[in-house]
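Working through the structure, step by step
Each chain, letter by letter, is given below.
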Amino acid sequence: FEDQVSDFDLDFLDKEADKFNILVFVPTLKILVLDCSFLRWLFKLHINTPALEYFNFKGDLDNEVVSENLPNLFKSVLDVRRCYYLDWMWKLTNFMGPLCNIRSMELRIGTAKYILEHSSSNHYYEVPMFHNLSSLKFYGDLWGMWSPWNAVKLLICRAPKLQTLTFELNYWCSIHSFSIDIPLKKPLDVPECLSSHLTTCHYKGFSRHPMELVEQILKESKVLKTMKITFNSDIDSKEKLRIHEEIMKFPRTSQTCQIAFD
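Quantities reported herein were computed from a predicted structural model and do not represent experimental measurements.

Turning to unusual backbone geometry, a few remarks are in order. Although it is not a glycine, asparagine 69 adopts a positive phi angle of roughly 55°. Mapping asparagine 69 onto the fold places it in the loop between β5 (64-68) and β6 (75-81). In this structure asparagine 69 comes out as partly exposed when scored by relative accessible area, which is 39%.

This is the structure:
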């Protein structure tokens, strides 16, 4: 696809945007990776792939994006960007709805933040339920002092059978950073998965900032067996010891939970 696009004149594509369609109608296709983030013109994307098992999408939803007929989808990796329009939540709901049977998902933390922002002000559209989702990973960059717990909680509330939760987040801070906490649209009960299914949580690249994620998971998970912390490479031994001591003081609801540091 990228090779084909390079042969076109981009100015021509800008003018003919309403005629530029990406149609993926391949009944036997099992793996689909689409990076639409580099496209600077409008397009229409339509996916109908009944045999698809793995779907990796990077791009925004200000274009017309349709995904349908995905009964065999097992895993998705989603990096949905640009949320600066009023119907973004509606578009996201339509886009993610056909993915509802997946077992494994990787979601960029920035996308989770967009979902929280829009759901807080939108009373009509909810994040789809993922009844079969057993593994969820949040990845990407954390900027400033934003606390991601509300965004994470909103998503795991939609995955009642979640068993494995993974964080792989890079924390970026500057002298101009300030604390921000985006509120939930309404108070949420303890996610069902934390009460009965979540047994494993792994935080990769742990640094000084995201203590709240670990604290909340330990506090609210009733059947958690393992909390594994893998430190960021720039954390020295003294800081590791301090973090270790602080985390070990966090209350644990699960009596069988073991905390492992690497």
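Close approach of charged atoms allows side chains with opposite charge to pair. Following the criterion strictly, the structure yields six salt bridges and no others. Among the salt bridges present, the one from arginine 108 reaches aspartate 79, with a minimum N-O distance of 2.4 Å. Residue arginine 108 is found in strand β7 (residues 104-108), and its partner aspartate 79 is found in strand β6; the two are separated by 29 residues along the sequence. Using a relative accessible area of 5% as the deciding quantity, one classes aspartate 79 as buried. A salt bridge links lysine 137 to glutamate 168, with the shortest nitrogen-to-oxygen separation between them at 2.7 Å. Of this pair, lysine 137 sits in strand β8 (residues 135-143) while glutamate 168 sits in strand β10 (residues 164-172); the two residues are 31 residues apart in sequence, bridging distant segments of the chain.

Averaged over all residues, the pLDDT of the chain equals 84, while 81% of them reach at least 70. The weakest mean pLDDT in the chain belongs to helix α1 (residues 2-6) at 40; the strongest belongs to β7 at 97. Confidence drops under a pLDDT of 50 for residues 1-10, and excluding neighbours within four residues, the segment shows nine contacts in the predicted structure. Contacts for the low-pLDDT stretch residues 175-179, under 50 throughout, to residues beyond four places or in other chains number four contacts.

Looking at where threonine 111 falls in the secondary structure, it is placed in helix α4 (residues 109-121). Threonine 111 gets classed as buried once you look at its relative accessible area, which sits at 1%. For threonine 111, the contacting residues outside a window of four places in its chain are Leu78, Asp79, Val80 and Trp88.

What follows is about the packing of aromatic side chains. The final tally for this structure, using the stated rule, is nine aromatic pairs. Summarising the aromatic geometry, the rings of phenylalanine 167 and tyrosine 203 are spaced 5.5 Å apart at their centres and angled 35° between planes, so their arrangement reads as tilted. Placement of the pair is phenylalanine 167 in strand β10 and tyrosine 203 in strand β12 (residues 200-206), with a sequence separation of 36 residues. Across this residue pair, the class does not change: phenylalanine 167 and tyrosine 203 are buried. An angle of 80° between the planes, with centres 5.0 Å apart, marks the rings of tyrosine 203 and phenylalanine 206 as edge-to-face. In terms of burial, tyrosine 203 and phenylalanine 206 fall into one category: buried. Here a set of aromatic residues connected by ring pairs shows up, and it is made of Phe138, Phe167, Tyr203, Phe206, Phe231 and Phe261.

Whenever strands of a sheet pair, they do so through backbone hydrogen bonds, lying parallel or antiparallel. Pairing in this open sheet of nine strands is parallel, and the strands run β2-β4-β6-β7-β8-β10-β12-β13-β14 from one edge to the other. Both edges of this open sheet fall to β2 (31-35) and β14 (258-261), since each of them pairs with a single strand only. Strand-to-strand, the axes of this sheet are offset by a mean angle of 10°, without reference to chain direction. Sitting on the sheet, helix α3 (residues 88-96) is in contact with β4 (54-60), β6 and β7, with an inclination near 165° to β6. Strands β7, β8 and β10 of the sheet are contacted by helix α5 (residues 149-156), whose axis makes an angle of about 160° with β8.

Criteria and cut-off values
- Residues numbered from 1 in each chain as written.
- Predicted model: local features only at pLDDT ≥ 70, side-chain atom pairs only at ≥ 80, totals over all residues.
- Heavy atoms only, no water.
- Helix = DSSP H or I, 4+ residues; strand = E, 2+ residues; numbered from the N terminus.
- Buried < 20%, exposed > 50% of the residue type's maximum accessible area, 1.4 Å probe, protein only.
- Salt bridge = Lys/Arg side-chain N within 4 Å of Asp/Glu carboxyl O.
- pLDDT = per-residue confidence, 0-100.
- Contact = heavy atoms within 4.5 Å.
- Phe/Tyr/Trp six-rings, centres within 6.5 Å; stacked < 30°, edge-to-face > 60°.
- Pairing = 2+ DSSP bridges.
- Axes fitted to C-alpha atoms, helices over the stretch in contact; angles between N-to-C directions.

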